[in-house]
Amino acid sequence: MLDETRLHDSLDELAERPAPPFAVNTAAAIKQGRRLALRRRRLNQAGGTLAVGALAAVLAVTLIPAHGAGGRATAASSGFARTSAEASAPARPTGPGTDPLTLSGTFGWLPANAQNVGYSLHDSPTQVQAVARGAMNAQNPNTAMIWLTVYPKGTTPSLGSFADGATQLRVAAPEVDGRTAYWITDAANDPTNGGDTYLRWQSADGQWGELHGYNWGDDDVTATMLRVATGVDFAPHSVPVPMWISGLPSSAVTVEADLDRPDLTTGAAWDFYLAESVDGSTVEISVYPTAPAAGASAAHAAAGSVCTQQAGLTGCIAVTGNAAGTPAELIKHLTLLGPDPADWTTDVLVH
Amino acid sequence: MTAPGRTERGSTEPGSTEPGRTESGREAAFTESGREAAFTEYVAAKGPWLRKVAFLLCQDWHRADDLVQNSIIKLYARWPQAEQIANLDGYARKVVVNTFLAEQRSPWWHRVVLRQEHPGTAQLAVDLDAALDLADALAALPPRQRAAIVLRYYCDLSVEDAAEVLSCSPGTIKSQTSRGLDALRRKLDVRPVNVKEQLS
């Protein structure tokens, strides 16, 4: 008979059973948690905007002279900044800038169920990846995904371990355009690695590319990935983004940049996020299409971040630490370029 | 028997040297790097315990890791506030339990590590089956019954505290626990086995 004391002891012993190595990535959690916090603040602002809409007209707004083309943006003492000239054309960058989303290859052919291409930079190691995914929504949460990584010229990627500690094995794949290719798996008889599939191959000039695909269900993921690999263009590519900013010191280092299509949180068409490290401080910038309900209406003070609305977009800045200036100062140097990617720029960080 | 890490932070004495709770930790937490260091230290200290709770909820170590990973993302997003909570361990555990329940409910089941079983895994599972009766029995419970059992009999929470974690009434905890226990007994007692011997 299972009495409660015995159950207590049995649960203890079950929890103490031999287990694989603990595979939690605290550094990644910190980055994602930071983003989540920023998004929550942003959503709080949107909610607050609705809640205080009727009070908007009587909010005390302190106007601060703006930058760029004719004082477009104004900042509020409440922590929110509003545009004073929504209809004016976004100011182009005042000088050449750098683009944090610069990578060495781009997708060509993509399957019909993974047509949304986004980009992501993470700093450990510093690497910009392109990702193709299907439309994500509550009915289709596990959309097919393919990540593209292009290794620097002269770098030959090695095998290591998967996140759960399993040893990576090399299994020969059909050649891609006559070049060496192989699958990475932990079971030699399963090149798909249980549906979490990796393909590496060399370009014509010897550069290595890598595809990582998952959520393909019963589809023939190997054939799809081989075809995707064939279409990859190994050429430098800077991704236009919907904003540019000046005023950050040249010592600023990009620690994360993401152009998500669609926005993984709200399902909006896209979302752009940038995190810059400045002498121990972190400046986080989030840009997204302004929700119609939020419009150009009221501001709602959210602790720690300041937002602006320009050209149909909303941009928010949060700063941790004291070395980079305040959000209210930095927001004056942020220009948003509107929802049309044709208006976006690769001169993103202008010094 | 008390599992390591089962002591909750809120029950520690003043002057505790636990991660993020020292005076210097509080000062350091005012900076981003200090906050990250305190969080990293906390996860290093309490992550294995949270993993065990997660494992008992989901009966799969890899999924437990995913559950903890998703939970500590949420925890870090609220870390400045969480650090001010007297019972930080309890809060972290609540995040894990609610993340588990949310994933059971939601179609947005997202695994950070997206891996599937390989051919051959099923046979391995069969080989280990004799040692996994309790895990199987737990897995057969509805998620909230399972959570109630784990909170009451692994985490040693009172009915009232378990109710707070699951955001329900004490009466619901009692009924969930009772049903869960009945189901475990039915499943385990139909076979003349000693659970402890099997697990040893």
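Residues numbered from 1 in each chain as written. Chains lettered and ligands numbered in written order. Predicted model: local features only at pLDDT ≥ 70, side-chain atom pairs only at ≥ 80, totals over all residues. Heavy atoms only, no water.

## Let's talk about the state of the cysteines
Residues and elements named next belong to chain A.
Moving on, step 1. Taken as a whole and judged by the stated rule, the model has one disulfide over all chains.
Moving on, step 2. Across the disulfide, C307 is cross-linked to C316 (sulfur-sulfur distance 2.0 Å). Judged by the torsion about the S-S bond (100°), the C307/C316 disulfide is right-handed.
Moving on, step 3. Judged by its relative accessible area of 2%, C316 falls in the buried class. (Disulfide = S-S within 2.5 Å. Buried < 20%, exposed > 50% of the residue type's maximum accessible area, 1.4 Å probe, protein only.)

## Re the packing of aromatic side chains
Moving on, step 1. Tallying each qualifying case throughout the model produces seven aromatic pairs over all chains.
Moving on, step 2. Each ring, one from W270 of chain A and one from W344 of chain A, has its centre 5.0 Å from the other, and the planes form 75°; the classification is edge-to-face. Residue W270 of chain A is located in the loop between β14 (253-260) and β15 (271-278), and its partner W344 of chain A is located in the loop between β19 (334-336) and β20 (349-350); the two are separated by 74 residues in the primary sequence.
Moving on, step 3. A residue is classified by how much of its surface remains accessible, and W270 of chain A, at 6% relative accessible area, is buried.
Moving on, step 4. Centroid distance F39 of chain B to Y76 of chain B: 4.9 Å. Interplanar angle 70°. Geometry classified as edge-to-face. Taken together, the residues span a long stretch of sequence, with F39 of chain B in helix α2 (residues 32-58) and Y76 of chain B in helix α3 (residues 61-77) at a distance of 37 residues. Each member of the pair, F39 of chain B together with Y76 of chain B, is buried. (Phe/Tyr/Trp six-rings, centres within 6.5 Å; stacked < 30°, edge-to-face > 60°. Helix = DSSP H or I, 4+ residues; strand = E, 2+ residues; numbered from the N terminus.)

## Details of the sheet that holds β19 of chain A
All names here are of chain A.
Moving on, step 1. Read from one edge of the open sheet, four strands run β3-β20-β13-β19, paired in mixed fashion. Every other strand in the sheet has two partners, leaving β3 (97-98) and β19 as the edge strands with one partner each.
Moving on, step 2. When strand β13 (residues 243-246) meets β20, the two strands line up parallel, connected through two bridges. Bridge pairing in β20 links S246 to V350. (Pairing = 2+ DSSP bridges.)

## Considering the pattern of salt bridges
Moving on, step 1. The final tally for this structure, using the stated rule, is seven salt bridges over all chains.
Moving on, step 2. Its salt-bridge partner being K52 of chain B, residue E16 of chain A comes within 2.8 Å of it at the nearest N-O pair. One end of the pair, E16 of chain A, is in the loop between α1 (4-15) and α2 (26-51); the other, K52 of chain B, is in helix α2, on a second chain.
Moving on, step 3. Residue E16 of chain A is classed as partly exposed on the basis of its relative accessible area, which comes to 33%.
Moving on, step 4. Relative accessible area serves as the criterion here: at 13%, K52 of chain B is assigned to the buried category. (Salt bridge = Lys/Arg side-chain N within 4 Å of Asp/Glu carboxyl O.)

## Some thoughts on the environment of G231 of chain A
Residue and element names in this part refer to chain A.
Moving on, step 1. Assignment of secondary structure puts G231 in helix α3 (residues 221-231).
Moving on, step 2. A residue is classified by how much of its surface remains accessible, and G231, at 26% relative accessible area, is partly exposed.
Moving on, step 3. Sequence separation between G231 and F107 is 124 residues; the distance between their C-alpha atoms is 6.5 Å.
Moving on, step 4. In contact with G231, other than residues within four places in its own chain, are T106, F107, G108 and W109. (Contact = heavy atoms within 4.5 Å.)

## Some points on the confidence of the model for chain B
Residues and elements named next belong to chain B.
Moving on, step 1. Per-residue confidence for chain B gives a mean pLDDT of 69; residues scoring 70 or more make up 62%.
Moving on, step 2. Between residues 1-30, whose pLDDT stays under 50, and residues either more than four places distant or in other chains, the model counts 61 contacts.
Moving on, step 3. ipTM for the predicted complex: 0.72, alongside a pTM of 0.55. (pLDDT = per-residue confidence, 0-100.)

## Concerning α1 of chain A
The α-helix advances 3.6 residues per turn, and as a result positions three or four apart in sequence lie on the same side.
Residues and elements named next belong to chain A.
Moving on, step 1. The end-to-end C-alpha distance of α1 is 16 Å, a good match for the 16 Å that 12 residues give at a rise of 1.5 Å each.
Moving on, step 2. Burial of α1 is extensive: nine of the 12 residues sit out of reach of the surface.
Moving on, step 3. Along α1, the residues classified as buried are R6, L7, H8, S10, L11, D12, E13, L14 and A15. (Expected span 1.5 Å × (residues − 1).)

## Details of the pairing of strand β7 (residues 145-150) of chain A
Residues and elements named next belong to chain A.
Moving on, step 1. Extensive coverage of β7 is indicated by the burial of six of its six residues.
Moving on, step 2. Residues of β7 alternate between two faces, with M145, W147 and T149 on one and I146, L148 and V150 on the opposite face, all of them buried.
Moving on, step 3. Bridging between β7 and strand β11 (residues 208-214) involves six bridges; their strand directions are antiparallel. The partner of T149 across the bridge, within β11, is E210.

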